[in-house]
Amino acid sequence: MRPRLSVRTLKRLLFAGAAVGGVGAVIVTVVPEVASRFHPSGSVMAFEDQRKQMYNPLPPRKDILKSLEEEEFDILVIGGGATGTGVALDAVTRGLKTSLVEKFDFASGTSSRSTKLIHGGVRYLQKAIFNLDIEQYRMVKESLTERANLLNIAPHLASSFPIMLPVYKWWQLPYYWAGIKMYDVVAGRQVLKPSYILSKTKALELFPMLKKDKLVGALVYYDGQHDDARMNVSLAITAVRYGASVANYTEVVSLLKTTDDDGKERVTGAHVKDRLSGREWDIKAKCVINATGPYTDRIRTLGKENIKKICQPSSGVHVVLPDYYSPESMGLLDPSTSDGRVIFFLPWQKVTVAGTTDRPCDVSDYPQPSEDEIQFILKEIRNYLSPDVEVRRGDVLSAWSGIRPLVSDPNKSDTQSIARNHIIEVADNKLITIAGGKWTTYRSMAEETVDRAVIACGLQPAQKCCTKGLLLDGAHGWSPTLFIRLVQDFGVENQVAQHLAATYGDKSFKVAKMCNLTGKRWPVLGKRLHEEYAYIEGEVKYAVREYACRAVDVLARRTRLAFTNVFAAKEALPRIVDIMAQELGWSEERKKEELEHADLFLRREMGLDIKQTSDVRLNFSKDEINQYVKRFKSLDYQNKGFITINDLRRYFKKIGERVSEDQLHDILSEVDLNRNAQVDLGEFLQLMNAIKLGRVSNSRFAMAAQSCVDESEVKAIPVERSGGGV
């Protein structure tokens, strides 16, 4: 019996010769019916044609805008998130003439602000079983199928990931074990890795930060993890490589309507505006698909006024903490928070992501996290971490809010009970809307949407859907050891090489070629944008070729610096603007505008300003304020109005205590809420207030301030008032 060649293996053979730097050719006999899946026309694609299609330079944005203005399309997709770009890729690979417009940048909304998981939904499976809900079960089943597909088509961006569920009551162990095993059973042959039980000792060995008291054991199951924004950009870029006209910063102002032969009004395109130049024009299309996530009802209203809303937006906040809060390769699931929700605690991009909250909200272009939501997440984290790990508000590196486009149900009141499944609406005017769903199921949602569009609008695709198994940009020549070639051939640091390979796949060689010499013996190439993170200057140049138009596009989506550390992002911002200015020919005025725009983004949407605008009130008497002001001035050498690291260095030298530079920085960062390397009186009083309220303990900064006051005050005030010492 002849062995069967799987589609995945076939693709590896097809694209083996296309890897950058590769030589030679691969000659195989290909079954036409299988090979046709990789070419929009349905014919067998030659290897050289495939290589050119995936490795040729991308068309510049101005050429895409020209095509949008001059050509007529089969499909116009509104929305550049995961669903919208998924629809565009599905349509163009069927041979349909496809266009897409996005008001801001690709993944600028919900699609870049997820929990970074590719999952079926353990919670939804629980509801499906207890409520005998077949719809929830089908959604979980579909999600698990799509999870496996997504890990296959973008192996450089997504991977299987273990998540621990700690158990603190004996009766919960068989209960949770049954649920997790059911999750494996539903996944069937597409299970990533089997789940398993851990003893208390083994659980603490793998997750040493875990609270030990009353711990019975733990369960570990596997889901997928990915870089959501990069995955979204890859979908858009792949669609462009297959021939779609895809443009960011192009806003739909109104919908074009005509009357058909039967006298019925029909949507036949959109009037759009380039938000960068201000120019406006019409895009004509046989079919318009609304894939705008939280903005779903706004676009539907453009088609027909006074319609019933079908989307209920919900805000989900995440916080980012330093990497030492979690193991490098093990996540944590809190299955039941104090308000009955679920919180994940996951290592990602060398930091720790915790979230999410879930509450109804209004749609906004600029969603903002709140202090209450941040404090809620930190409080829940404390319940599962060892008392030795002090969860500090000052450790929050970034915080963001994403607006989920949930499908509303008038019979249910809270967003927790609303499923993330989707609906597709075909209006009387043929405007097609895809709403709801989640990241994991974007592909199947796109397939179903285009199927409906073909029928509703009389389109004639060259073939059926072929996106299942279709590799995304960067996956064709990728291998797990690709980063080694980057180190050896280009002389980049190991950490940088691993980052490039895991972000761009086989396109990482192109990024490396855009890097300037560092002027050092090692690394030869790859000057970092910030010394603490592996993002390099060459990525900024490459981002411009991938349609990054503004500095915030690089900060937040082409790199993830704004999401991993908002303070580092602010420090790297000027250099990013300088590089983009060289690439795009910006004037000094435009550079200033970009600096201000990106700074506002970091402050408003990434949590940089939350601490300054906190509504936590100071609760001091007049005598206490005088006392704390005196403490502040005792450390403020030369009466500058703020305390610096030099002041701390001077203090510890005075008392004869040896403190390293790293320790000095850590002590200062306890109180430096604004992350400007200095502590003003307001920040100092916030620390004293937190100590008084019992929210902070063991503050070395507070101890230093107390020890610096005169002898009489030291005798009058015990050390315990300032946190109990070191």
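Everything numeric in this text was worked out from a predicted model, so none of it was measured.

How each quantity is defined
Residues numbered from 1 in each chain as written. Predicted model: local features only at pLDDT ≥ 70, side-chain atom pairs only at ≥ 80, totals over all residues. Heavy atoms only, no water. Helix = DSSP H or I, 4+ residues; strand = E, 2+ residues; numbered from the N terminus. Buried < 20%, exposed > 50% of the residue type's maximum accessible area, 1.4 Å probe, protein only. Areas by Shrake-Rupley, 256 points an atom, 1.4 Å probe, with all protein chains shown as cover. Arc of directions from axis to C-beta. Contact = heavy atoms within 4.5 Å. pLDDT = per-residue confidence, 0-100. Patch = residues over 30% accessible without salt bridge, like charges linked within 9 Å, V, L, I, M, F, W, Y side chains within 5 Å. Salt bridge = Lys/Arg side-chain N within 4 Å of Asp/Glu carboxyl O. Axes fitted to C-alpha atoms, helices over the stretch in contact; angles between N-to-C directions. Parallel < 35°, antiparallel > 145°, perpendicular 65-115°, else oblique. Left-handed = near helix turned anticlockwise from the far one by under 90°. Nonpolar A, V, L, I, M, F, W, Y, C, P; charged D, E, K, R; others polar. Pairing = 2+ DSSP bridges. UniProt positions renumbered as here; feature names shortened; annotations may be inferred.

Section: the overall build of the chain
Thought 1: For the chain, the helix and strand inventory stands at 27 helices and 20 strands.
Thought 2: For the chain, the residues scored as buried account for 58% of the 726 residues in total.
Thought 3: Only carbon and sulfur atoms are counted for the fraction: they give 51% of the accessible area of the chain, which is about 31,800 Å².

Comments concerning helix H14 (residues 482–490)
Thought 1: Considered for burial, the residues of H14 that qualify are Leu482, Leu486, Val487 and Phe490. One side of H14 carries all its buried residues, which in axial view fall inside an arc of 150 degrees.
Thought 2: Tucked into the core, H14 has its buried residues touching helix H15 (494–504) and helix H16 (508–513).
Thought 3: Two residues or fewer past H14, Gly491 is found with a positive phi of approximately 70 degrees.

Description of the confidence of the model for the chain
Thought 1: The share of residues in the chain with pLDDT of 70 or more is 84%, and the mean pLDDT across the chain is 84.
Thought 2: Within the model, pLDDT remains below 50 along residues 1–48, and this stretch shows 64 contacts once partners closer than five positions in the same chain are excluded.
Thought 3: When the criterion is pLDDT under 50, residues 710–726 qualifies, and its contacts beyond four places in sequence or with other chains add up to 31 contacts.

Description of helix H17 (residues 537–545)
Thought 1: Among the 9 residues of H17, 8 are classified as buried, and the element is accordingly described as predominantly covered.
Thought 2: Turning to H17, its buried residues are Glu537, Gly538, Glu539, Val540, Lys541, Tyr542, Ala543 and Val544.
Thought 3: Structurally, H17 contributes buried residues whose contacts are with helix H10 (228–241), H15, H16, helix H18 (551–558) and helix H20 (566–584).
Thought 4: With its phi angle positive at about 75 degrees, Tyr547 sits one or two positions after the end of H17.

Here we look at a nonpolar patch on the surface
Thought 1: A grouping of Ile129, Phe130, Trp171, Tyr175, Met182 and Val185 is seen on the molecular surface, where their side chains present a nonpolar patch of about 640 Å² in accessible area.
Thought 2: Looking at the nonpolar patch, the elements with two or more residues in it are helix H6 (122–130) and helix H8 (172–187).
Thought 3: With 3 residues, the top contributor of residues to the nonpolar patch is H8.
Thought 4: By the element assignment, Ile129 lies in helix H6.
Thought 5: Taking relative accessible area as the criterion, Ile129 reaches 42% and is therefore assigned partly exposed.

Side note on the side chain of Glu380
Thought 1: With respect to the element layout, Glu380 can be found in helix H12 (residues 371–382).
Thought 2: Glu380 has contacts with Asp334, Thr337, Ser338 and Ile343, leaving out every residue within four places of it along the chain.

Considerations on the pattern of salt bridges
Thought 1: Inspection of every chain in the model, using the stated rule, returns 44 salt bridges.
Thought 2: Of the charged contacts in the structure, one is a salt bridge between Asp90 and Arg94, with a shortest N-O distance of 2.6 Å.
Thought 3: A relative accessible area of 3% means that Arg94 is categorised as buried.
Thought 4: A salt bridge links Lys591 to Glu588; the nearest nitrogen and oxygen atoms lie 3.6 Å apart. A residue pair is termed a helical-turn pair when its members lie 3 or 4 positions apart in one helix, as Lys591 and Glu588 do in helix H21 (residues 588–605) at 3 residues.
Thought 5: For Glu588, a relative accessible area of 60% gives the class exposed.
Thought 6: Residues participating in the shared-partner salt-bridge network are Asp105, Asp553, Arg557 and Arg558.

Comments concerning the packing of helix H5 (residues 82–93) against helix H13 (residues 442–457)
Thought 1: Closest axis-to-axis distance for the H5/H13 pair is 8 Å, and the angle between their directions is 55 degrees. By the criterion of interaxial angle, the relationship of H5 to H13 is oblique. In the packing of H5 onto H13, the handedness of the crossing is right-handed. Note on element contacts: H13 touches H5 through Tyr442, Met445, Ala446, Glu447, Thr449 and Val450, opposite Ala82, Thr83, Gly86, Val87, Asp90 and Ala91.
Thought 2: Residue composition of the contact of H5 with H13, grouped by class: 7 nonpolar, 3 polar and 2 charged.

Considering the pairing of strand S17 (residues 422–426)
Thought 1: In this sheet, strand S18 (residues 432–436) lies alongside S17 in antiparallel orientation, the contact comprising 5 bridges. Note that in S18 the partner of Ile423 across the bridge is Ala435.
Thought 2: If you look at the hairpin formed by S17 and S18, you'll find 5 residues sitting between the two strands, and Lys430 has a positive phi there, around 75 degrees.

Here's the deal with the UniProt feature "domain: EF-hand" (unreviewed entry) in the chain
Thought 1: Under the feature "domain: EF-hand" (unreviewed entry), the UniProt entry names residues 623–658 and 659–694.
Thought 2: With 67% helix and 6% strand, residues 623–658 has end C-alpha atoms that lie 34 Å from one another.

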